[in-house]
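A closer look at the structure
These are the residues of each chain, in order.
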Amino acid sequence: MSKPSHDLLVEKIDSTIVKEIQELQELIELLSDNSTIADADLKGDIGILTQKMKIYKNVRGMIKKASMGSEDFDSKTIMSLEERKLFMKLVKLIIRVRRVFKRGK
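Residues numbered from 1 in each chain as written. Predicted model: local features only at pLDDT ≥ 70, side-chain atom pairs only at ≥ 80, totals over all residues. Heavy atoms only, no water.

Some details on the environment of lysine 64
Along the polypeptide, lysine 64 turns up in helix α2 (residues 40-68). By relative accessible area, which is 39% here, lysine 64 ends up partly exposed. Residues lysine 64 and aspartate 14, spaced 50 residues apart in sequence, show a C-alpha to C-alpha distance of 8.1 Å. (Helix = DSSP H or I, 4+ residues; strand = E, 2+ residues; numbered from the N terminus. Buried < 20%, exposed > 50% of the residue type's maximum accessible area, 1.4 Å probe, protein only.)

Have a look at this one:
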(Lines give C-alpha, C1' and ligand atoms only; values in the text may rest on other atoms or scores of the structure.)
Protein backbone atom coordinates (compact mmCIF):
# COMPACT_ATOMS: atom_id res chain seq x y z
CA MET A 1 0.00 0.00 0.00
CA SER A 2 1.39 3.39 -0.93
CA LYS A 3 1.71 6.33 1.43
CA PRO A 4 -1.18 8.82 1.30
CA SER A 5 1.25 11.58 0.28
CA HIS A 6 1.97 9.63 -2.91
CA ASP A 7 -1.67 8.98 -3.63
CA LEU A 8 -2.52 9.36 -7.30
CA LEU A 9 -5.63 11.43 -6.54
CA VAL A 10 -3.66 13.93 -4.46
CA GLU A 11 -0.98 14.15 -7.15
CA LYS A 12 -3.61 14.80 -9.83
CA ILE A 13 -5.33 17.51 -7.77
CA ASP A 14 -1.96 19.06 -6.94
CA SER A 15 -0.86 19.16 -10.57
CA THR A 16 -4.17 20.78 -11.58
CA ILE A 17 -3.78 23.45 -8.93
CA VAL A 18 -0.13 24.06 -9.90
CA LYS A 19 -1.22 24.63 -13.52
CA GLU A 20 -3.85 27.14 -12.36
CA ILE A 21 -1.28 28.98 -10.24
CA GLN A 22 1.18 29.13 -13.14
CA GLU A 23 -1.49 30.45 -15.51
CA LEU A 24 -2.51 33.11 -13.00
CA GLN A 25 1.14 34.13 -12.49
CA GLU A 26 1.63 34.49 -16.24
CA LEU A 27 -1.55 36.52 -16.59
CA ILE A 28 -0.61 38.79 -13.69
CA GLU A 29 2.86 39.33 -15.16
CA LEU A 30 1.34 40.15 -18.54
CA LEU A 31 -1.16 42.61 -17.11
CA SER A 32 1.33 44.30 -14.81
CA ASP A 33 4.04 44.63 -17.46
CA ASN A 34 5.31 48.18 -17.99
CA SER A 35 4.34 48.09 -21.67
CA THR A 36 0.70 47.29 -20.80
CA ILE A 37 -1.67 50.23 -20.71
CA ALA A 38 -3.21 50.04 -17.25
CA ASP A 39 -6.29 51.83 -16.00
CA ALA A 40 -7.97 51.68 -12.61
CA ASP A 41 -10.15 48.70 -13.59
CA LEU A 42 -7.11 46.70 -14.72
CA LYS A 43 -5.32 47.35 -11.44
CA GLY A 44 -8.38 46.06 -9.59
CA ASP A 45 -8.43 42.98 -11.81
CA ILE A 46 -4.75 42.35 -11.05
CA GLY A 47 -5.58 42.50 -7.34
CA ILE A 48 -8.41 40.00 -7.80
CA LEU A 49 -6.16 37.64 -9.76
CA THR A 50 -3.47 37.93 -7.08
CA GLN A 51 -6.00 37.03 -4.38
CA LYS A 52 -7.24 34.09 -6.44
CA MET A 53 -3.67 32.86 -6.82
CA LYS A 54 -3.14 33.08 -3.03
CA ILE A 55 -6.30 31.05 -2.48
CA TYR A 56 -5.05 28.35 -4.86
CA LYS A 57 -1.73 28.25 -2.99
CA ASN A 58 -3.56 27.92 0.35
CA VAL A 59 -5.80 25.15 -1.01
CA ARG A 60 -2.75 23.33 -2.34
CA GLY A 61 -1.15 23.45 1.10
CA MET A 62 -4.36 22.24 2.73
CA ILE A 63 -4.59 19.29 0.35
CA LYS A 64 -1.02 18.30 1.10
CA LYS A 65 -1.68 18.53 4.85
CA ALA A 66 -4.88 16.50 4.51
CA SER A 67 -3.14 13.80 2.48
CA MET A 68 -0.47 13.36 5.14
CA GLY A 69 -3.10 12.28 7.66
CA SER A 70 -1.22 13.85 10.55
CA GLU A 71 -2.82 13.12 13.94
CA ASP A 72 -1.15 16.07 15.65
CA PHE A 73 -2.29 18.65 13.09
CA ASP A 74 -4.26 21.38 14.86
CA SER A 75 -6.18 23.33 12.24
CA LYS A 76 -7.54 25.80 14.79
CA THR A 77 -4.15 27.37 15.43
CA ILE A 78 -3.15 27.62 11.78
CA MET A 79 -6.35 28.34 9.80
CA SER A 80 -9.16 30.83 9.94
CA LEU A 81 -12.76 29.63 10.20
CA GLU A 82 -13.31 29.87 6.44
CA GLU A 83 -10.08 27.99 5.73
CA ARG A 84 -11.09 25.24 8.18
CA LYS A 85 -14.48 24.86 6.46
CA LEU A 86 -12.80 24.58 3.06
CA PHE A 87 -10.21 22.18 4.48
CA MET A 88 -12.90 19.88 5.90
CA LYS A 89 -14.76 19.87 2.57
CA LEU A 90 -11.53 18.88 0.81
CA VAL A 91 -10.86 16.10 3.30
CA LYS A 92 -14.40 14.75 2.86
CA LEU A 93 -14.05 14.88 -0.93
CA ILE A 94 -10.76 12.98 -0.84
CA ILE A 95 -12.29 10.35 1.47
CA ARG A 96 -15.32 9.90 -0.82
CA VAL A 97 -13.21 9.55 -3.94
CA ARG A 98 -10.93 7.02 -2.25
CA ARG A 99 -13.98 4.96 -1.20
CA VAL A 100 -15.25 4.96 -4.79
CA PHE A 101 -11.88 3.74 -6.08
CA LYS A 102 -11.69 1.04 -3.37
CA ARG A 103 -15.16 -0.26 -4.36
CA GLY A 104 -14.04 -0.51 -7.97
CA LYS A 105 -11.15 -2.85 -7.09
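Next comes the rest of the write-up.
Looking at the confidence of the model for the protein chain
With 74% of its residues at a pLDDT of 70 or more, the protein chain has an overall mean of 75. Helix α1 (residues 8-31) holds the highest mean pLDDT among the elements of the protein chain, 88, whereas helix α3 (residues 75-78) holds the lowest, 55. (pLDDT = per-residue confidence, 0-100.)

Re the environment of isoleucine 63
Tracing the sequence through the fold places isoleucine 63 in helix α2. Sequence separation between isoleucine 63 and isoleucine 94 is 31 residues; the distance between their C-alpha atoms is 8.9 Å. Every residue in contact with isoleucine 63, bar those within four places of it in the chain, is listed here: Val10, Ile13, Ile17, Leu90 and Ile94. (Contact = heavy atoms within 4.5 Å.)

Side note on a positive patch on the surface
Taken together, Lys89, Lys92, Arg96, Arg99 and Lys102 make up a surface patch of like positive charges. Its place among the elements puts lysine 92 in helix α4 (residues 81-104). (Patch = residues over 30% accessible without salt bridge, like charges linked within 9 Å, V, L, I, M, F, W, Y side chains within 5 Å. Areas by Shrake-Rupley, 256 points an atom, 1.4 Å probe, with all protein chains shown as cover. Salt bridge = Lys/Arg side-chain N within 4 Å of Asp/Glu carboxyl O. Lys, Arg positive; Asp, Glu negative; His and termini not counted. Charge placed at Lys NZ, Arg CZ, Asp CG, Glu CD.)

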